[in-house]
Structures are given as structure tokens and as C-alpha cells.
Amino acid sequence: MSIAPFVTAIVIALISWQCFKTFNNYLKARNIGLPIIVTPVEPINAFWALATPILSPICNRLPYRLGDFLHHGNFGWHFRSQNYLLDRYGPAFVVVNPGGIHLNLSDGLAIEELLNRRKDFIKPNSFYRIIELFGKNVDTVNGEDWQRHRKITAPPFNERNSALVWKESISQSEGMLKSWMTAGEAGTVKTSDDTMTLALHVITGAGFGRFFPFHGGVTALTNGHTMSFKDSLSIVLHQFLAVLFTNAIPFSKFLPKRFSTIRIAVIEFKRYLLEFVKEERSAIHGDSEKDNLMSAMLRASDRRESKGAGKDTLTDDEIFGNLFVFTFAGHESTANTLAYAITLLAADLDLQYWVKDEVQSVLKDMNDHGTWDYEKVFPQLKRCLAVMFETLRLFGPVVSFPRATNNLHQTLSIKGKSYVIPPDTLIYGNLSAVHASDYWLNDDPYVWRPKRWILNNENKGFLGKEDLLQPPSHAFMAWSSGPRLCPGKKFAQVEFVATMARLLHRHNVKPALEVGETSLQASQRLHKAVVNSELLLTLKMAHPESVSLIWADDS
């Protein structure tokens, strides 16, 4: 007897069920009163996660943008579409799929209100559980739990810590620059990889009290390990769907080799965290003044053991969860921003020397980089910060973020009109649209132009004394906004500026030319490599290894 009719019946039943759910969600969405897009694609769905990369090349070739349905249900379209959907549907519209109703917001003021009302618009567990792999953390929890985590993890990000970040970033930049200089005229293709190493060493040093030289450190195998700290973290971060699948089934050790490697990466990364905790716990017993992130969390754990659960305590799993999220957020975002900025500066020598002019004016002949004083130097390097802000505006690690209504209807003001949002509705804040909004419209919002951040006032041109643009928070949200503003904002700024100052103080960078290529063509090629970005957990260049950069000293 043929099983074809049985299989056909199952397929029809499944499709009918998906259509029924979509129709029900459509009826709910109509009550909101915003434009509606219908798509079968769900952002967190195993089938679409696997099918989208396969179907995307086909759908992208369909005429009249008929293939857009594939992208409306995933995260990457916020970066790729620029303002296409905003121009077509307005500052807010609803995407309906079988899984529910997804409200997409591009209005900066509405997004700012969303972020300020953290109790009404919460972080949805369906999205954030992927970064609870090692435990709950300050980025994933809501309500009183978030207040508890924040109270413990925010204080270590202080000025004393910023001075340590400054010093460690300069030290790591020295090692990275030496490595790049040895590549000679062939150039280095490891810009992205090396900035990851630098940023990992800065967070492990300034955040966890574990200091390494640039060479070795997190990239080296240590006793008893089969995988380096950096490699294990990279696998956990960049193959997170496979990690979740591997962890969810009891017989993962019998899966193909790829899954075996993922399982080992998770085990190895947890072992590294255990070792970090053990060493830091021994260190703080001998130094009660240590105030880095890890020591603060360990003291919270000790309080739990001695006094029981409270508002200033953490469980062991919460310590590991926070270590993971701060390792991830503390290195991936800054490392990517550095890689983008270095590549863009290599493509535009005029802008590169515009930054160098400031660095050399402020630092003059201070060739002993260990003497660069954070409190004196950092506030003067406005152009370095301008490069960072402009890079984050166009190529920030987070292009959109999810929130959800709680179990009540919520009213949200969009362009001066109130809308009632149903309970359990997912809401996406489109930061790519915010960063190209009307506020930026008069100055080519999709052109990378760091000079826009230097105010045209009486201080312009006086190097070290220029004033930075301070856009309203509804126009620039690189570190989010509201009460859940990223606690590592200053940490990242100090790390970026210190690294950029060290790299450009006495050195310059340019693209390695391909056969028959002109300098202009090389610059255009670098720009294409930057624009050809993809969204995994964060935005990054799809093929950074295709860019070869030559570093040389200025003499």
C-alpha cells in the first residue's frame, strides 16, 4: 500500500493549520490599525532558519520584489532594506505570520518610549533564551530580577575601571600592530580576527582580572584543554542554533562530527569559566579591594551562601550566565566596530589623516605609550570618537531589537497617534531606520561621514578642543536607551579610542592592491566588502578575509 496519500494528507493538514493560525493573527492585527504584511516566515523557527539561506538567492531574483516575503520574517532585512519598507508602509507596520503578530517600529520617539517603559514592554524569553545557555543574566531577565542583576554588575564599570581599559587596550594594540607590520606589502587579512582577540583580552583583563599578551592568551591551548578559549567562544556564538539543538537532545554524542565539535566547545567554554571563577575567588580573598566585574559577582555569590537569597546576591549559574553575556557583548560589538572603522579608514586616506592630525596633535612626541594618561588624553580625542559613532550609526552590531507587551494591552504613541497593542505582541525596534531618520536626512544618511559628528562652531579646527555632536536619544541609540542602557558604554568608547590612537599615532594603513587595480578601485572594493555584511548574533562583514590591509610607519 502506497504511503503517498497519507503523507499528502499530513502535508495538507500542516499547511492548513499554518494558514488558520495566520488568518487568526491577521484578524487580531487589523484591530491595531497599522499597515499589515503577511508572511509564512517566523524569525525563531527551525525550518525557516535552515530554509532561508537556501531560498534567499532564488527569492532575491524574483521580479517586483515578490521575494521580499522571505526577509520580512527574519532579522537581517532591517539592515538590507535601508528605508525601503519605511517609505512604503510608514514608521510602523505589522508583520503577521503563523507564530503571531510582530510590530515593526522605525519611529525614534516611539522606540524611545518603548525602551523607557521596561515593565510594560519586556524582553521576550523566546528570543533571549538563546543567550541563557550558561545561566540567566542581566541582559535576559526582566522586572525585579533585572534590578538585582543590574545592581551587582553595573558598579564595576567606573572611572577606575576605564583607566584600566585604556591601559590594556593600548598594550593589546601594540601587539596587534606588530603582527600587522610583519605582514609587509602582502598585507594582513586578519583585521577582523585580530580585533576579536584584542577585545577578548581587554574584557578578560579589565573585566575578569585575567591579563594576557596579544599573542597567545585566549588563542592558546592551556593545560588540559582541547580547544582555546577564543575558539570555544567563537563556536558557541556563531553556531548558536546548532548549540541549542545539541544541548536539547540526550544522544548528541552520536551526532555527526560537526555537532560533536559544538558539544565539546560548550564543555570547554564552561571549563574556562570555572577556572576563571576559581582563580578570581582565590585572588579576592587576598585583596578585598578588587572591584572588577567578576570579583563583584563572586562577592554577591558569597553573600548568598552566608545570608541566603536577596537583592544583592547571585546564584552560581547566574554568575556563569553573566560572564558569558559580558564576554560576548564586551568583545564582539567593539571588535566588529574596530574592524569596520579600520577598513573604512583604509579606504579613505583623507579621513584617515583627518583622524591622525588630531591624534598627533594631542599626543605629539609621546612615543612611550605607557605614559598616555587616560584622564588627560581620552577627553581630547573627539575625532576618534566621531569615527566610532559614525561606524556604529551605519554598521552597529544591533540593527534591531525585540520587545514584547506583557499580559495586558498597552498603548503606544507613534507619530503623535495612540495605538493599542494586544498582549504578547512582539515588537521590533528598527535601529537601522532610526540611524538614518529625518534627523540625519540633510547630510546623506547612508554615507559614512565621521566629520558630521564635529560641531561647526568656534572650536572647530582646534585639535583636542573640538566639540562633539550630541544627537537626541531618539536619533542615535547605539547603546540602547532608557533604564536598560548598556552598562559597558564607556568601556567600549575607551577601548575603541585607545586602540585607534595607538594604531594611528605613528602608523598608517592602506589596501593591498590586486593585479591591475588602481587605488580608487581598491577603495571601492573595500566599501563593497563593508556593505556586504550579514547578521548572525550581531552585524559583521560577511567576508572580512577578502580585505588585505598594509600597515606602515609614517617615517
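Parameters and conventions
- Residues numbered from 1 in each chain as written.
- Predicted model: local features only at pLDDT ≥ 70, side-chain atom pairs only at ≥ 80, totals over all residues.
- Heavy atoms only, no water.
- Phe/Tyr/Trp six-rings, centres within 6.5 Å; stacked < 30°, edge-to-face > 60°.
- Helix = DSSP H or I, 4+ residues; strand = E, 2+ residues; numbered from the N terminus.
- Buried < 20%, exposed > 50% of the residue type's maximum accessible area, 1.4 Å probe, protein only.
- Lys NZ or Arg CZ within 6 Å of the ring centre and 35° of its normal.
- Salt bridge = Lys/Arg side-chain N within 4 Å of Asp/Glu carboxyl O.
- Contact = heavy atoms within 4.5 Å.
- Polar contact = N/O pair within 3.5 Å; in protein donor to acceptor, adjacent residues only side chain to side chain.
- Pairing = 2+ DSSP bridges.
- Expected span 1.5 Å × (residues − 1).
- Arc of directions from axis to C-beta.
- Core = buried A, V, L, I, M, F, W, Y, C linked by side-chain atoms within 4.5 Å.
- 1 Å grid on protein atoms, 1.4 Å probe; cavity = no way out; pocket = protein on both sides within 12 Å on 5 of 7 lines; lining within 4 Å.
- Points joined across faces, edges and corners; volume = space filled by probe spheres on them.
- Nonpolar A, V, L, I, M, F, W, Y, C, P; charged D, E, K, R; others polar.
- Axes fitted to C-alpha atoms, helices over the stretch in contact; angles between N-to-C directions.
- pLDDT = per-residue confidence, 0-100.

Throughout the structure, instances matching the rule amount to 23 aromatic pairs. Arranged with centres 5.3 Å apart and planes meeting at 20°, the rings of Phe 229 and Phe 269 form a pair that is stacked. You can see Phe 229 sitting in helix H11 (residues 229-238) and its partner Phe 269 sitting in helix H13 (residues 257-286), a full 40 residues away along the chain. The exposure classification of Phe 229 matches that of Phe 269, with both residues buried. Through a chain of ring-to-ring contacts, the aromatic side chains of Phe 134, Phe 208, Phe 229, Phe 269, Tyr 272, Phe 276 and Phe 324 assemble into a single cluster. When the ring centre of Trp 440 is taken as origin, the NZ or CZ atom of Arg 393, which lies over that ring, is 5.1 Å away.

This brings us to the pattern of salt bridges. Scanning all chains against the criterion turns up 25 salt bridges. Each of the salt bridges in this network shares a partner with another, and the network as a whole consists of Glu 390, Arg 393, Asp 443, Asp 444, Arg 449 and Arg 452.

Turning to the environment of Glu 174, a few remarks are in order. Following the sequence through the fold, Glu 174 ends up in helix H9 (residues 159-181). Between the C-alpha atom of Glu 174 and that of Glu 332, which follows or precedes it by 158 residues, the distance is 20 Å. Not counting residues within four places of it along the chain, the set of residues in contact with Glu 174 comprises His 369 and Arg 502. Polar contacts involving the side chain of Glu 174 include one to the side chain of His 369, which spans 2.7 Å.

The next point concerns the pairing of strand S9 (residues 507-511). Across the five residues of S9, four count as buried, placing the element largely inside the fold. Where S9 and strand S12 (residues 549-553) come together, five bridges link them in antiparallel fashion. Its bridge partner lying in S12, His 507 is registered against Asp 553.

Let us now look at helix H21 (residues 519-531). At 3.6 residues per turn, the α-helix brings residues three or four places apart onto the same side. If you check H21, its first and last C-alpha atoms are 19 Å apart, about what 13 residues at 1.5 Å a residue would give, namely 18 Å. Inspection of H21 places Ala 522, Ser 523, Arg 525, Leu 526, Ala 529 and Val 530 among the buried residues, and these make up the whole buried set. The buried residues of H21 occupy one face: seen down the axis, they fall within an arc of 160°. Seen from the open side of H21, the exposed residues pointing more than 90 degrees away from its buried face are Leu 520, Lys 528 and Val 531. Tucked into the core, H21 has its buried residues touching helix H15 (316-347), helix H18 (382-395), S9, strand S10 (533-535), strand S11 (539-541) and S12.

The subject of this paragraph is the pairing of strand S3 (residues 100-105). Across a regular strand the side chains alternate sides, sitting on one face of the sheet and then on the other. Among the six residues in S3, six count as buried, and that is most of the element. Judged from the six bridges that link them, strand S2 (residues 92-97) and S3 form a sheet pairing that is antiparallel. Each bridged residue has a counterpart across the sheet, and for Val 96 the counterpart in S3 is Ile 101. Linking S2 to S3, which pair antiparallel, is a turn of two residues.

Quick look at the nonpolar core now. Residues Trp 166, Leu 323, Leu 381, Phe 395, Met 500 and Trp 551 are the most contacted members of the largest nonpolar core, which totals 112 residues. If you tally residues by element for this core, the top one is H15, at 16 residues. Filtering out sequence-adjacent residues up to four positions away, Phe 395 remains in contact with Phe 79, Tyr 340, Leu 344, Trp 448, Val 530 and Leu 539. Within the second largest apolar cluster, 23 residues are counted, among which are Leu 34, Leu 114, Phe 401 and Leu 431.

Moving on: the layout of surface pockets. Take a probe with the size of a water molecule and roll it over the atoms, and the empty space left behind shows itself. By volume, the second largest pocket is sized at about 410 Å³. Forming the boundary of the second largest pocket are 22 residues, of which Gly 99, Gly 100, Ile 101, Asp 424 and Thr 425 lie nearest the centre. The set of elements that each furnish at least two residues to the lining of the second largest pocket consists of helix H1 (4-30), S3 and helix H7 (125-128). Looking at the lining of the second largest pocket element by element, the count peaks at three residues for S3. Across the lining of the second largest pocket, the residue classes break down as ten nonpolar, nine polar and three charged.

With mixed pairing, six strands are arranged side by side in an open sheet as S1-S2-S3-S8-S5-S4. Across the chains shown, the open sheet's two edge strands, defined by having one partner strand only, are strand S1 (36-38) and strand S4 (121-122). In the sheet, strand S5 (residues 400-405) pairs with strand S8 (residues 426-430) via five bridges, with the strands oriented antiparallel. Within S8, the position partnered with Phe 401 by the bridge is Gly 429. Its contacts with the sheet put helix H6 (residues 108-116) on S3, S4, S5 and S8, and the angle it makes with S5 is roughly 60°.

What follows concerns the confidence of the model for the protein. For the protein, the average pLDDT comes to 89, and 91% of its residues sit at 70 or higher. Across the protein, the secondary-structure element scoring lowest on mean pLDDT is helix H12 (residues 240-248), at 58, and the one scoring highest is H18, at 98.

Now for the environment of Leu 392. Residue position: Leu 392 is located in helix H18. What makes Leu 392 buried here is its relative accessible area of 6%. Along the sequence, Leu 392 and Met 477 sit 85 residues apart, while their C-alpha atoms lie 9.2 Å from each other. Look past the residues within four positions of Leu 392 in its chain and what remains in contact with it is Thr 337, Pro 397, His 435, Phe 476, Ala 478 and Trp 479.

Glancing now at the environment of Ile 454. Structurally, Ile 454 is set in the loop between helix H19 (431-434) and helix H20 (489-505). On the accessibility criterion, Ile 454 (6% relative accessible area) is buried. Here the alpha-carbon distance between Ile 454 and Lys 382, two residues 72 residues apart in the chain, equals 7.8 Å. Setting aside residues no more than four positions away along its own chain, Ile 454 makes contact with Trp 354, Lys 382, Arg 383, Ala 386, Lys 460, Glu 466, Asp 467 and Leu 468.

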